[in-house]
Amino acid sequence: YELFLEALHPDDRQATDDAVRRSLDDQAGDGAYRAEYRVVLPGGAIRWIGAQGRSFFERTGDQTVPVRMLGTVLDISERKHSEAVIREQAERQQAALMASSTGTFVWSIRNNELSGDRSLDRLLGLPEGTTVASLDQFLELVHPGDREGVMTRCIACAKEAADFDMEFRIVQPGGAQRWLLGQGETHRDEDGLPSYMTGACVDITVRKEAEAALRLSEENFRSLADTIPQPVWLTDATGYVVWYNHRWYELTGATIDEMQGWGWLDVLHPDHAARVTAHIRHCFQ
């Protein structure tokens, strides 16, 4: 037995020895023995072994003692390698999700169970080791101003097998607010009824803050442009005018509807319209 232990990988000897001794001490049970361990071959190669068996006992006087152990061993190296590859892939995927501020989830519609990965828990601001286990618990973290919209869409998913797609805010336990983009696909069972949803939530707080800052900048610009005495206008990338300030309408006497797009040509003197239009098109080109 000592020679057997010496053939094992040093990191697996103690656990294997413990499993053997539990089997030998299990006189009141079935003496079952199960263990997985690595063996080091003479050339240094390592193989994984899956072993199982049981101990047999005999009554000697007033004592029951183990007399033999019978079992089998199986080379499980390929299985352990596959498990390691799968585990590594899962760890890489989780690391990628964490880095991209993306969390995945599965919502069982029938029993209202929700399971998410650690990245989702982090997006929700949950402490290590805690998670949301139901849709109701998740909704408690949704901002009150967005909760009805989320609920309405979830009801449509549960009743009509609709897919989920919404930007909404969540309020983390510490009070911080984050913007999430939630998207999910509803799957049906064999009877065609909504069964479960798989999806992901992405933190889009930075984008939403940038959009808000841009809107504020545009509002400030337009407010400023409406207070100066000069006419001001904005176009898109094709030269199509999308906005004029108040001074323009005061100067031309035109209405907003009359000025849409290329309507500004109508207020130019015919002697100048062609020249101005050609010059503007040249600028855009």
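Residues numbered from 1 in each chain as written. Predicted model: local features only at pLDDT ≥ 70, side-chain atom pairs only at ≥ 80, totals over all residues. Heavy atoms only, no water.

Trainee: Honestly, the pairing of strand β4 (residues 102-108) in this entry has me stumped. Any pointers?
Mentor: As a general feature of sheets, a regular strand has side chains that alternate between the two faces. Alignment of β4 against strand β8 (residues 194-203), held across seven bridges, turns out to be antiparallel. Along β8, the bridge assignment pairs Thr 104 with Ala 200. When β4 meets strand β5 (residues 113-116), the two strands line up antiparallel, connected through four bridges. Within the sheet, the bridge partner assigned to Val 106 lies in β5 and is Ser 115. Adjacent in sequence and paired antiparallel, β4 and β5 are bridged by four residues, among which Asn 112 carries a positive phi angle near 60°. (Pairing = 2+ DSSP bridges. Helix = DSSP H or I, 4+ residues; strand = E, 2+ residues; numbered from the N terminus.)

Trainee: Honestly, the side chain of Asp 146 in this entry has me stumped. Any pointers?
Mentor: Locating Asp 146 in the fold gives a position in helix α6 (residues 144-160). Within the local environment of Asp 146, its side chain forms a polar contact with the backbone nitrogen of Arg 169, the two atoms lying 2.8 Å apart. Contact partners of Asp 146, with chain neighbours within four places excluded, come to Met 166, Phe 168 and Arg 169. (Polar contact = N/O pair within 3.5 Å; in protein donor to acceptor, adjacent residues only side chain to side chain. Contact = heavy atoms within 4.5 Å.)

Trainee: Explain the nonpolar core here, please?
Mentor: Core analysis: the biggest nonpolar cluster contains 24 residues, and Trp 107, Leu 124, Phe 138, Val 150, Phe 164, Phe 168 and Leu 180 have the highest contact counts within it. At the level of elements, β4, α4 (118-123), α5 (135-141), α6, β6 (164-171) and β8 are the ones that each hand at least two residues to this core. Those residues in contact with Trp 107 that lie beyond four places of it in its chain are Asn 112, Glu 113, Leu 114, Leu 135, Cys 154, Cys 157, Ala 158, Ser 195, Tyr 196 and Met 197. Counting residues in each nonpolar core, the second largest holds 10 residues, with Leu 8, Val 20, Tyr 33 and Ala 51 among its members. (Core = buried A, V, L, I, M, F, W, Y, C linked by side-chain atoms within 4.5 Å. Buried < 20%, exposed > 50% of the residue type's maximum accessible area, 1.4 Å probe, protein only.)

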